[in-house]
Amino acid sequence: MDETQTLFRGAFTALVTPFNTDASAVDYASYERNIREQAAAGISGIVPCGTTGESPTLTEEEHHELVQKAVELARPLGLSVIAGAGSNSTAHAIELHKFARSAGADASLQVNPYYNKPSQEGLYRHFMSVADSAELPICLYNIPGRTGVALTPETVERLAKHPNIQAIKEATGSLDSASEILARTELALLSGDDSLTLPFASVGGVGVVSVISNILPAKTAALCEAFNSGDFERAREIHFELLPVARGLLSLDTNPVPVKAAMQLMGKDTGALRLPMCQTSAGNVAMIRKLLAAADLLPATVTA
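Here goes a summary of the coordinates provided. As the structure is a computational prediction, the values presented were derived from the model and not from experiment.

1. So, the environment of Tyr 31
Alright, step 1. Note that Tyr 31 resides in helix H2 (residues 28-40).
Alright, step 2. Here the alpha-carbon distance between Tyr 31 and Lys 69, two residues 38 residues apart in the chain, equals 9.0 Å.
Alright, step 3. Ignoring any residue separated from it by four or fewer positions in sequence, one finds Tyr 31 in contact with Leu 15, Val 16, Pro 18, Pro 48, Leu 66, Lys 69 and Ala 70.

2. Structural notes on the sheet that holds strand E4 (residues 107-111)
Alright, step 1. Taken in spatial order, the eight strands close into a barrel running E1-E2-E3-E4-E5-E6-E7-E8, and their pairing is parallel. Going across the sheet, the axis of each strand differs from the next one's by a mean of 25 degrees, ignoring polarity.
Alright, step 2. Against the sheet, helix H4 (residues 90-103) engages strand E3 (80-84), E4 and strand E5 (138-142), with an angle of about 160 degrees to E4.

3. Remarks on unusual backbone geometry
Alright, step 1. The peptide bond linking Asn 255 to Pro 256 adopts the cis configuration, its omega dihedral lying at 10 degrees.
Alright, step 2. In this structure, Pro 256 sits in the loop between helix H11 (232-250) and helix H12 (257-265).
Alright, step 3. Between Leu 275 and the following residue, Pro 276, the backbone shows a cis peptide bond with an omega angle of 15 degrees.
Alright, step 4. On the secondary structure map, Pro 276 appears in the loop between H12 and helix H13 (282-294).
Alright, step 5. Of note, the phi angle at Cys 49 is positive, near 60 degrees, even though the residue is not glycine.
Alright, step 6. Residues other than glycine seldom take positive phi values, yet Tyr 115 does so here, at roughly 75 degrees.
Alright, step 7. Of note, Tyr 115 is situated in the loop between E4 and helix H5 (120-133).
Alright, step 8. Of the residues examined, Tyr 115 reaches a relative accessible area of 76% and is grouped as exposed.

4. Some thoughts on the pattern of salt bridges
Should the charged atoms of two oppositely charged side chains come close, the side chains can pair.
Alright, step 1. All chains considered together, the criterion is met by twelve salt bridges.
Alright, step 2. Of the charged contacts, one joins Lys 219 and Glu 241 as a salt bridge, the two residues approaching to 3.4 Å between their closest N and O atoms. In this pair, Lys 219 sits in helix H10 (residues 217-228) while Glu 241 sits in helix H11, placing the two residues 22 residues apart along the sequence.
Alright, step 3. Using a relative accessible area of 32% as the deciding quantity, one classes Lys 219 as partly exposed.
Alright, step 4. Of the residues examined, Glu 241 reaches a relative accessible area of 39% and is grouped as partly exposed.
Alright, step 5. Each of Glu 154, Glu 157, Glu 180 and Arg 184 takes part in salt bridges that share partners, so that together they form one network.

5. Topic: the environment of Pro 199
Alright, step 1. Tracing the chain through its elements places Pro 199 in helix H9 (residues 197-201).
Alright, step 2. We classify Pro 199 as partly exposed; its relative accessible area is 26%.
Alright, step 3. Separated by 53 residues in sequence, Pro 199 and Leu 252 place their C-alpha atoms 22 Å apart.
Alright, step 4. When sequence neighbours within four positions are dropped, the list of residues in contact with Pro 199 reads Leu 175 and His 239.

Each value, and the rule that gives it
- Residues numbered from 1 in each chain as written.
- Predicted model: local features only at pLDDT ≥ 70, side-chain atom pairs only at ≥ 80, totals over all residues.
- Heavy atoms only, no water.
- Helix = DSSP H or I, 4+ residues; strand = E, 2+ residues; numbered from the N terminus.
- Contact = heavy atoms within 4.5 Å.
- Pairing = 2+ DSSP bridges.
- Axes fitted to C-alpha atoms, helices over the stretch in contact; angles between N-to-C directions.
- Buried < 20%, exposed > 50% of the residue type's maximum accessible area, 1.4 Å probe, protein only.
- Salt bridge = Lys/Arg side-chain N within 4 Å of Asp/Glu carboxyl O.

In structure tokens form, the structure reads like this:
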């Protein structure tokens, strides 16, 4: 197994950014507690300041501090850090990528530029510029539902020739896209959708950047460990155990709204979000409570 496959192998938790009750400040105590729980559960690594971490509404200072604290905590715990560092401005993405390297992150997560809707050539030049800017591995992040544009397998193949571009987080929801990328490149492929982690593994995926591992870290880590060790029968069992939460929770509202609601019910987060994200409906909270109760995730003092 080469170094790239080792670095990007397993379950990586897309960390929520916990806020105080009015979302005016980051709750760093809760942030540290979550990271320590992830390590104790066997997670391979953490992803601070991604979509799940509400990166669009973080200040530059908060972004820097969250990455720095993630690295400081992760090192002694044996976790790797893939720092969210993407932007729809190439110059800003370069700044964040360089910062991730200076902070000691193991890699940066680079999302497709959003809103601009660049051409495939524009996407290629964007990511190549970031990759040229610092000696730090890059995991591309292909999520057209959020960005309005998708990286095609052809463009990914071109980008994969750069030594710093080593992985891709596929959140297209397409097994065809994942398959073609794996057929064309030697990139490590991580699922960007919890419900598709095992299907992607069946064609060569090596892990997941997971949302639900914020609340189910041990089981998410066990899923990746099972298929990476060749035990697909056990992986299939875990996949179906995770599926009700993975499908149910993330279909109710825009990520990270439902997972923060779940963490609030579990006593792990205030549930606060920053506008334009807002708390979900009472009906959705009731459904989330039922999902958690069925998965035996509610504290003993909370009833379904």
